[in-house]
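For reference, the chains in residue letters:
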Amino acid sequence: MRILLYNPDNGVTRNFMPHLWMFLLQALTPAGHEVLLIDGNAQPMDEAGIARYVLEQKIGLVGIGAMTRMIAKAYRVADAIRAVGVPVVMGGPHVTEESAEALGRNGGARHADAVALGEADETWPRIVEDAARGQLMEIYAPVDDFGQERKPSLKDYPAIPWDKINLKQFNLVPNMAKRTLQRIGEGWGTFRIIPMESGRGCPYGCEFCTVTGFFGDSIRFRTNESVVNELLLLKARAKSEGGQIAVFFIDDNFAINIKRTKSLLRDIIAAGAQVHWVAQISANLLRDEELVDLIAASGGKWVFIGMESIDPTNLADVNKGFNKPGEYAAVLERLAQRNVYAITSFIFGMDNDTVGVAERTMKEIRTWPAGLPIFGLLTPLPATPLYKRLEAAGRLTRPKHWQEFIPFAMAHTPLKMTIAEAHAEVKAGWAQSYSPEAMAQAVDSLKGKPLGYRINIFIARMCFRGIYFPQMGPLAWLKLIYQNRRTISNLVKEGFLTWRGRPAGAVADESLGTGISVT
């Protein structure tokens, strides 16, 4: 049987990396079946196009995974596929919490023939075999012999054959830039960011987050050997094809067990398995100097930190009081001293936010080392404690907001601002952080660093800007380049002077050492 695994586009901008679940399920598929992968962010297709593809490729089963913000598109695609007679199984956090919606049991249309609840590591092989026999059940749940939910162990994690997988659709180097970049230095014909996980679960239980509900509060880890071997495989592939690969550890909190994380990073270093990597780590865990030393030595280049707010009251309200805003500056400085920089995430529209929260937040950000600030709105996702609290209080304005996804739009009424005021605060945060003036300041703040670091921060900011301000087409990019022409000109001049005074490839090597990140 031929199987298609499909992930819809995210509705905002093209993702900077593929989704791990597709590759994991491909590795877990029983022998005798062929699995094809399509990520809508890399291969855009409308519903009719997907339906045509499924028929042309003689697909016998389609698996669709989607987060809440993608679920409306996922349902439309599933409807189109089922309309041509091909069964669809859906899974992921949203479908796990809203399985009745996916199966049409709540009065709406049915979108899936079957749903996979929770983590599908153990249920996926059974789903495939049932589909091959034409005997799909409606619901597959990972339960033990007593009917209790069972979380899969990661000790026997499947080996994902990254050396054989076709990653062409995930090359981030634009076709028109390949030749130019290849001349700059070896390895720039391809650049991919590959998702990996070293563990699952989070004990923190932040009110707005789906992680603890989906993966549980008990942390499970892969063996160090398994992670190291996967890194070595990716590193070897990049070398063999003259390309570049970076890794994004998608663990919900990569350093949640500091002792274990240090052990893993030491093993990566000992094995020579360093590749440039990004991970999500809570600010409170980055107080540890030895941990930060190991992050830098093992190839860590960017750390995603969910700061959420500079207001301790807000943090306490959403059960994230372990974040201490007074420590943010020291944490970021500790990283920057080791040439590791931060993607800092903020949420506006919390219950203690008032008009001016963007400027108050920006005032703090301007005192920190250059990084990549991003801004969003507090969003009540299905089955989270936040959703239940707001629903009970009658504050939800769009209870089924996922059925009509609107980027950067609130689904409930804030306490101390209007919805329109909250929207304006988010826009102000993005506009101030990614204006040409802010971009130039970020580059200038790294004057004492090698040229590659300044190129890195500039490219990353140019791309991250697209999360809020669409820049999907050539005209939008040309406009953005024109607006930032002075900074680009200065970097080009410095690069040319540096190149003239150094051996061929030295400048490119220096840039590679910063782990250029694009989105």
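As the structure is a computational prediction, the values presented were derived from the model and not from experiment.

Each value, and the rule that gives it
Each chain carries its own residue numbering, running from 1 in the direction its sequence is written. pLDDT decides what is reported in this predicted model: residues at 70 or higher carry local features, side-chain atom pairs at 80 or more are listed and counted, and totals for whole chains, interfaces and linings draw on all residues regardless. As a rule here, side-chain values come from all non-hydrogen atoms in the structure, and water together with hydrogens is ignored. Runs of E in the DSSP output that reach at least two residues are strands. Runs of H or I that reach at least four are helices, and both are numbered from the N terminus. Radius of gyration here uses only the C-alpha atoms, and the compact-globule reference equals 2.2 Å multiplied by the residue count raised to the power 0.38. The buried label applies to any residue whose accessible area, calculated with a 1.4 Å probe on protein chains only, is under 20% of its type's maximum; exposed applies above 50%, and partly exposed to all values in between. Contacts are assigned to residue pairs that have any heavy atoms within 4.5 Å of one another. Shrake-Rupley sampling with a 1.4 Å probe provides the accessible areas, and residues are treated as covered by the protein chains on show and by no other component. Note on geometry: axes are lines fitted to C-alpha atoms, helical ones only across the stretch in contact, with angles between N-to-C directions running from 0 to 180 degrees. An angle below 35 degrees is treated as roughly parallel, one above 145 as roughly antiparallel, one from 65 to 115 as roughly perpendicular, and anything else as oblique. Each helix crossing is assigned a hand: it is left-handed if the near helix lies turned anticlockwise from the far helix by less than a right angle, otherwise right-handed if that turn is clockwise. Strand pairing is assigned whenever DSSP identifies at least 2 bridges connecting the two strands. Here, nonpolar core means buried Ala, Val, Leu, Ile, Met, Phe, Trp, Tyr and Cys residues that are tied together by side-chain atoms lying within 4.5 Å of each other. Handedness of a crossover is defined as follows: with both strands directed away from the viewer, a clockwise route from the first strand across the helix to the second makes it right-handed. Salt bridge, as used here, is a side-chain nitrogen of Lys or Arg placed within 4 Å of a carboxyl oxygen of Asp or Glu. Under the scheme applied, nonpolar residues are Ala, Val, Leu, Ile, Met, Phe, Trp, Tyr, Cys and Pro; charged residues are Asp, Glu, Lys and Arg; polar residues are all the others, including Gly.

Here we look at the overall build of the chain
Thought 1: When you go through the chain residue by residue, the secondary structure sums to 21 helices and 14 strands.
Thought 2: Computed over the C-alpha atoms, the radius of gyration of the chain is 23 Å, within 12% of the 24 Å expected from 2.2 N^0.38 for a compact globule of 519 residues.
Thought 3: Along the three orthogonal principal directions, the C-alpha set of the chain runs to about 70 × 55 × 50 Å.
Thought 4: By the burial criterion, 53% of the 519 residues in the chain qualify as buried.
Thought 5: By sequence separation, contacts in the chain at least 24 residues apart represent 72% of the contacts at least 6 residues apart.
Thought 6: When the accessible area of the chain is evaluated, it comes to approximately 22300 Å², of which 55% is carbon and sulfur surface.

Some remarks on the packing of helix H10 (residues 258–270) against helix H11 (residues 289–297)
Thought 1: Packing of H10 against H11 brings their axes to within 9 Å, and their N-to-C directions diverge by 30 degrees. One finds that H10 runs roughly parallel with respect to H11. In this structure, the crossing between H10 and H11 has a hand that is left-handed. Counted together, Ile258, Thr261, Lys262, Leu265, Arg266 and Ile269 of H10 and Glu290, Leu291, Leu294, Ile295 and Ala297 of H11 form the full contact between these two elements.

Quick notes on the sheet that holds strand E13 (residues 341–348)
Thought 1: Taking strand neighbours across the sheet as the criterion, the six strands line up as E7-E10-E11-E12-E13-E14 in an open arrangement whose pairing is parallel. Edge positions in the sheet fall to strand E7 (191–196) and strand E14 (372–377), since each has one partner strand and no second. Across the sheet, the axes of successive neighbouring strands diverge by a mean angle of 20 degrees, strand direction being ignored.
Thought 2: Bridge count between strand E10 (residues 244–249) and strand E11 (residues 277–280): three bridges; the pairing is parallel. Paired with phenylalanine 249 across the two strands is alanine 279, which belongs to E11.
Thought 3: Along the sheet face, helix H9 (residues 224–240) touches E7 and E10 and points at about 155 degrees away from the line of E10.
Thought 4: Where helix H14 (residues 357–365) meets the sheet, it contacts E13 and E14, and its direction lies at approximately 165 degrees from that of E13.

What to know about the nonpolar core
Thought 1: Counting 108 residues, the largest nonpolar core has Trp124, Trp162, Leu231, Phe249, Ile281, Leu286 and Ile305 as its most contacted members.
Thought 2: Considering every element that reaches this core, the biggest residue donor is helix H18 (residues 451–464), with seven residues.
Thought 3: In this view, tryptophan 162 contacts Leu20, Phe23, Leu167, Ile194, Pro195, Glu230, Leu233, Leu234 and Arg237; residues no more than four positions away in its chain are not counted.
Thought 4: Listed in part, the 39 residues of the second largest apolar core include Val54, Ala66, Ala78 and Ile347.

Re the sheet that holds strand E5 (residues 114–116)
In a beta sheet, neighbouring strands are held together by backbone hydrogen bonds and run either parallel or antiparallel to one another.
Thought 1: The strand order E2-E1-E3-E4-E5-E6 describes an open sheet built from six strands, whose pairing is parallel. The open sheet is flanked by strand E2 (34–39) and strand E6 (139–140), the only strands paired with a single partner.
Thought 2: Relative to strand E4 (residues 88–91), helix H3 (residues 71–83) is tilted by about 165 degrees, and along the sheet it contacts strand E1 (2–7), strand E3 (61–65) and E4.

Digging into the pairing of E14
Thought 1: With respect to burial, E14 is a largely interior element, six of its six residues being buried.
Thought 2: Burial along E14 is two-sided: Leu372, Ile374 and Gly376 facing one way and Pro373, Phe375 and Leu377 facing the other are all buried.
Thought 3: Here E13 pairs with E14 via six bridges, running parallel. In the sheet register, isoleucine 343 faces E14, and the bridge partner there is leucine 372.
Thought 4: Running through H14, the crossover from E13 to the neighbouring parallel element E14 is right-handed.

Some details on the side chain of threonine 68
Thought 1: Mapped onto the elements of the fold, threonine 68 is located in the loop between E3 and H3.
Thought 2: Residues within four places of threonine 68 in sequence aside, it is in contact with His94, Leu381, Pro382, His401 and Trp402.

Focus: the pattern of salt bridges
Thought 1: What the rule picks out here adds up to 32 salt bridges.
Thought 2: Among the ionic pairs, arginine 192 bridges to glutamate 241, the shortest N-O distance being 2.4 Å. Residue arginine 192 is found in strand E7, and its partner glutamate 241 is found in the loop between H9 and E10; the two are separated by 49 residues along the sequence.
Thought 3: By relative accessible area, which is 34% here, glutamate 241 ends up partly exposed.
Thought 4: For arginine 389, the salt bridge goes to glutamate 207, with nearest N and O atoms at 2.6 Å. Linking arginine 389 in helix H15 (residues 385–392) with glutamate 207 in the loop between strand E8 (199–200) and helix H8 (211–215), this pair joins segments that are 182 residues apart in sequence.
Thought 5: Classification of arginine 389 by relative accessible area gives partly exposed; the value is 30%.
Thought 6: The exposure class of glutamate 207 is buried, given its relative accessible area of 8%.

Notes on the packing of H14 against helix H16 (residues 419–433)
Any two packed helices are characterised by how steeply their axes cross, that is the angle between the axes, and by the distance between the axes.
Thought 1: Between H14 and H16, whose axes approach to 8 Å, the crossing angle comes to 30 degrees. As judged from the angle between their axes, H14 and H16 are roughly parallel. For H14 against H16, the interelement crossing comes out right-handed. Listed contacts from H16 to Val357, Ala358, Glu359 and Met362 of H14 are Glu425, Ala428, Gly429, Gln432 and Ser433.
Thought 2: Across the contact of H14 with H16, the residue classes break down as four nonpolar, three polar and two charged.

Structural notes on unusual backbone geometry
For residues besides glycine, phi is generally negative; the peptide bonds are generally trans as well.
Thought 1: Positive phi values are uncommon outside glycine, yet lysine 58 reaches one of about 55 degrees.
Thought 2: Tracing the chain through its elements places lysine 58 in the loop between helix H2 (47–56) and E3.
Thought 3: Classification of lysine 58 by relative accessible area gives exposed; the value is 67%.

Taken by themselves, the reported measurements are silent on function.
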